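A structural walkthrough
These are the residues of each chain, in order.
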Amino acid sequence: MIEFLWPLAFVLLPLPFVARWLLPPIPSSAAGALRVPFFERLAASVGQSPGNRGTNWVRLILSSLIWALLVMALARPVYVGDEVPLPVEGRDLMMAIDLSGSMDEQDFRLDGRPATRLAVVKEVAQDFIARREGDRVGLILFSDRAYLQAPPTFDRSTVAALLEEARVGLTGQKTAIGDAIAVAARRLRDRPAEQKVLILLTDGESNEGVIEPIDAAELARDLGIRIYTIGVGSGQTQVRTPFGTRLVAGDGPDDATLKRIAEITGGQYFRARDVQGLAQVYAELDRLEPVADDPRMVRPSVSLFHVPLAGALILTFMLAVAIHLPGAGLGRRHKAAPVES
């Protein structure tokens, strides 16, 4: 609908009529009159009366319309649309996902079939990302080195697509947990302290990188970053034997280090041994770091003042041209000059 930002401007509408009523008329001067001895015969020949021809109503109506359009433009008309929600300013949430070689272990089951650790992480993390409406979500992939795949962004679908494209060994075979924390800290250091969260997921212990995990955690703590660590895997590994593939006890995540990282930064450590356990971890993260609610609503508006202003200018031009055209009947109305014979 159309609204006016300055509706008080409409009090100016009667101004020309008030001025016409209050101000005295301009006195006519006989000295400036043109005296024509045969004026009566000249007026009769064109079908006009030699007396006062009165007010030109067409010109008065056009002038009034021009003034009304100018006042309307001054009142600042705008077209206001329907309410739309603004993205709620939530958290800057980084996800660091381990792509080391051990993430290819098939010690999980998904839909009744064996599945790799990474496949299960993708399945559960995709749902988690979709629920984080109002948060800026970023993605870090790490193994030998840590790489920023997506900075914190409201475009969660892009982050989800980048996670889906991740492959084991894409960045190496080892695990650089400290580097992943350092990369996240660099991206989050300038954000408000209450909004900086890192979720780090790994299935092993740090055995690569240029910075130790504990040192990186202390750096993150100084920058006000909370870190939630997730250790995934059943603690078993696949071994091929003459009798087929078997699961035997193997190395799991470094629980002590991951727990210490979470404690230093004010976060929490979770252990996920199966699909249900991992889903419960992300549900608990939703509870600990709830999605912002009560979105702000805004009604987009488009300024329309140029429409009545353009109409006023066009009518003014047309009126000016018509006044100076012979036979248009919009010229000034004068009282007939006295006749000299």
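In the block above lies the structure referred to throughout.
Heads up: these notes are all about the structure in this document. Along each chain, the written sequence defines residue order, and numbers are assigned to residues from 1. Under the rules for a predicted model, residues below a pLDDT of 70 receive no local features and side-chain atom pairs below 80 are neither given nor counted, while totals for whole chains, interfaces and linings still include all residues. The basis for every side-chain value is the complete set of heavy atoms in the structure, and neither hydrogens nor water enter the calculation.

Another aspect to go through is the sheet that holds strand E1 (residues 2-4). For two strands to pair, DSSP has to find at least two bridges joining them. Only DSSP runs of H or I covering at least 4 residues are called helices, and only runs of E covering at least 2 are called strands; the numbering of each starts at the N terminus. The three strands are arranged E1-E2-E15 in an open sheet whose pairing can be described as antiparallel. The sheet is open, and its two borders are formed by E1 and strand E15 (301-303), each paired with just one other strand. Here the average twist between neighbouring strands, direction ignored, is 35 degrees. Two strands pair when backbone bridges link them, and strand E2 (residues 77-80) and E15 are joined in this way by three bridges, in the antiparallel orientation. By the bridge assignment for E15, Val78 is matched with Ser303. Between N-to-C directions, angles cover 0 to 180 degrees, with each direction set by a line fitted to C-alpha atoms, over the stretch in contact for helices.

For each residue, the accessible area found with a 1.4 Å probe, counting protein chains only, is set against the maximum for its type, and the residue is called buried under 20%, exposed over 50%, and partly exposed in between. Burial within strand E4 (residues 92-98) is extensive, with seven of its seven residues counted as buried. Taking every second residue as pointing to the same face, both faces of E4 are buried, with Asp92, Met94, Ala96 and Asp98 on one and Leu93, Met95 and Ile97 on the other. One ladder, built from six bridges, connects E4 with strand E9 (residues 196-202); its direction is parallel. Note that in E9 the partner of Ile97 across the bridge is Leu201.

So, on to helix H10 (residues 306-323). For H10, which comprises 18 residues, the first-to-last C-alpha distance of 26 Å matches the rise-based estimate of 26 Å (1.5 Å per residue) to within 8%. Among all positions of H10, only Pro308, Ala312, Leu315, Leu319 and Ala322 are buried. End-on, the buried residues of H10 take up no more than an arc of 100 degrees, which puts them together on one face. Exposed side of H10, more than 90 degrees from the buried face: Leu313, Ile314 and Phe317 are the residues found there. Given a helix with a known number of residues, its expected span is that number minus one, times 1.5 Å. Read the arc as the range of directions from the helix axis to the C-beta atoms.

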